[in-house]
Amino acid sequence: MLSFQPSEEQEALMEMAARFTRERIIPIAAQCDQEARFPKEVFDAAWELGLVNATVEEKYGGAGLGELNNALIAEQLAYGCTGIQTSMLSNTLALTPIILAGSESQKKKYLGMMTEAPLLASYCTTEPSGGSDVAGLQTRFTKKGNDYVINGEKCWITNASFASFFIVFATCDPTLRHKGIAAFIVDADSPGVKVGKHEDKLGQRASDTATVHFDDVLVPGENLLAGPGEGFKLAMETFNQTRPDIGAMATGLMQRCLDESVAYAKQRRSFGQAIIEHQMVQAMIADMAIGCEATRLLYQKAAWNLDNGVRSPIVSSYAKAFGADTAMQTSIDAVQVFGGNGYVKDYPVEKLMRDAKVLQIYEGTSQIQRLVIARTLSR
Ligand SMILES: Cc1cc2nc3c(=O)[nH]c(=O)nc-3n(C[C@H](O)[C@H](O)[C@H](O)COP(=O)(O)OP(=O)(O)OC[C@H]3O[C@@H](n4cnc5c(N)ncnc54)[C@H](O)[C@@H]3O)c2cc1C
């Protein structure tokens, strides 16, 4: 049985998230972008309302809302600023490996910590030598008695300057590639953990992104999340769970492009009429609407599959790749609808265009999504 009707609870959740976006995110988004400042106070307020960490089960203090509801929230918040929303969703990215593979005591400690206070966490696969080839990562771990020692450098880590802990993927031997990769929970205050350079980004500047160094970091044995080989599978399964959220963010960004473009095109005039009367402007606006609605359906299907035990990494990749690529084109078109006014910071669409680009890069580039899709189809 198919239904596209949100439940009353889902309607209420989306309305709450939309109100939060109007009242708390939109008014400060442009300034945070200019200052490259992550507004922790906005995160705290969203946490109070239960708009972050939504997938954490009730027994660990979360709302247990599931993947679809989490994505519905993401779409609404992303309408205001995908930079701020990226930091909120990076918590989900960091908590998902614990939800998927954590022991009972790891879940109680680390999921519980995040639901007791408005804390942030980070997920660390990418390294200076590359992010697409996760199996090629170089950060090393060695065993020391029952514990582990980690050495290496991770880069592009969202929330790094604010994180209470890091999910770190490291290898016992890089020549083993995916078979050597394990996953650890590393407390941010462990000796040897040092947050480095803060990235000065093109877009999504309101999200914190930095390098993290791990120099002889002693990790207790109880913080091993997944052993050699299992760590790589866990990284891939985590992306399967979180890629629909990128589709949701892309949808929020496209809806904003569409709303801003329609409003502008109705009042801007050329050749004696509103520009929305020109067929070529209409075509751009119609394409925005098609892309937005198609991505919405894709991310909702991918997230519904996750909630209902239907295994479909390929649909998660469809939602991520199609959403990211369509959001990029949609934001370019939004700037075009605004003409010269689209090219300056006095109007909101130049930020949307800068923010859209990274959707095609993080959590697996658009090329990597196509690899996943083609490999799945060829099997
Ligand atoms: C703002 C931001 C936030 C981020 N947050 C995080 C985070 O929290 N945690 C984290 O671990 N990482 C994070 N990343 C890193 C991100 O996941 C990587 O940038 C991404 O995976 C790509 O890796 P790379 O930059 O090393 O590019 P590379 O892997 O060097 O790729 C460069 C180009 O080559 C293409 N390419 C590579 N291999 C192939 C192939 N086999 N076939 C076809 N094309 C290929 C890529 O698509 C890309 O176009 C973030 C990045 C950014 C920009």
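This text follows the structure it describes.
Residues numbered from 1 in each chain as written. Predicted model: local features only at pLDDT ≥ 70, side-chain atom pairs only at ≥ 80, totals over all residues. Heavy atoms only, no water.

## Concerning helix α5 (residues 104-116)
Given a rise of 1.5 Å per residue, 13 residues ought to cover 18 Å, and the 17 Å separating the end C-alpha atoms of α5 matches this to within 8%. Listed in full, the buried residues belonging to α5 are Q106, K107, Y110, L111, G112, M114 and T115. (Helix = DSSP H or I, 4+ residues; strand = E, 2+ residues; numbered from the N terminus. Expected span 1.5 Å × (residues − 1). Buried < 20%, exposed > 50% of the residue type's maximum accessible area, 1.4 Å probe, protein only.)

## Here we look at unusual backbone geometry
Look at R177: it is not a glycine, yet its phi comes out positive at around 50°. In this structure, R177 sits in the loop between β4 (163-171) and β5 (181-187). Located in the positive-phi region is F271, a residue other than glycine, with phi close to 50°. Here F271 is to be found in the loop between β9 (269-270) and β10 (273-274). Using a relative accessible area of 83% as the deciding quantity, one classes F271 as exposed.

## Details of the site of the ligand
T126, G131, S132, W156 and T365 are the nearest of the 19 residues found near the ligand. In the environment of the ligand, a nitrogen atom lies 2.7 Å from a nitrogen or oxygen atom belonging to the side chain of T126. Between G131 and the ligand, the recorded distance is 2.7 Å, taken from a backbone N or O atom to an oxygen atom. When the ligand is considered free in solution it has 970 Å² of accessible area, and contact with the protein chains removes 67% of it. Taken together, the elements giving at least two residues each to the shell around the ligand come down to β1 (120-124), β3 (147-158) and α10 (366-378). In terms of residue class, the shell around the ligand is built from nine nonpolar, eight polar and two charged. (Near = heavy atom within 4 Å. Polar contact = N/O pair within 3.5 Å; in protein donor to acceptor, adjacent residues only side chain to side chain. Areas by Shrake-Rupley, 256 points an atom, 1.4 Å probe, with all protein chains shown as cover. Nonpolar A, V, L, I, M, F, W, Y, C, P; charged D, E, K, R; others polar.)

## Looking at the packing of aromatic side chains
A full pass over the atoms with the stated rule returns 12 aromatic pairs. Ring geometry for F38 against F162: centres 5.0 Å apart, planes inclined by 80°, an arrangement best described as edge-to-face. Of this pair, F38 sits in the loop between α1 (8-35) and α2 (40-48) while F162 sits in the loop between β3 and β4, and the two are 124 residues apart along the sequence. Their ring planes at 90° and their centres at 6.0 Å tell us that F166 and F214 sit as a pair that is edge-to-face. Of this pair, F166 sits in strand β4 while F214 sits in strand β7 (residues 209-219); the two residues are 48 residues apart in sequence, bridging distant segments of the chain. With respect to class, F166 is no different from F214; both count as buried. (Phe/Tyr/Trp six-rings, centres within 6.5 Å; stacked < 30°, edge-to-face > 60°.)

## Some details on the pairing of β7
Across eight bridges, the pairing between β3 and β7 is antiparallel. Bridging from a neighbouring strand, I157 pairs with A210 of β7. Looking at chain direction, strand β6 (residues 193-198) and β7 are connected through four bridges and run antiparallel. Across the sheet, residue K194 finds its bridge partner in β7, namely H213. (Pairing = 2+ DSSP bridges.)

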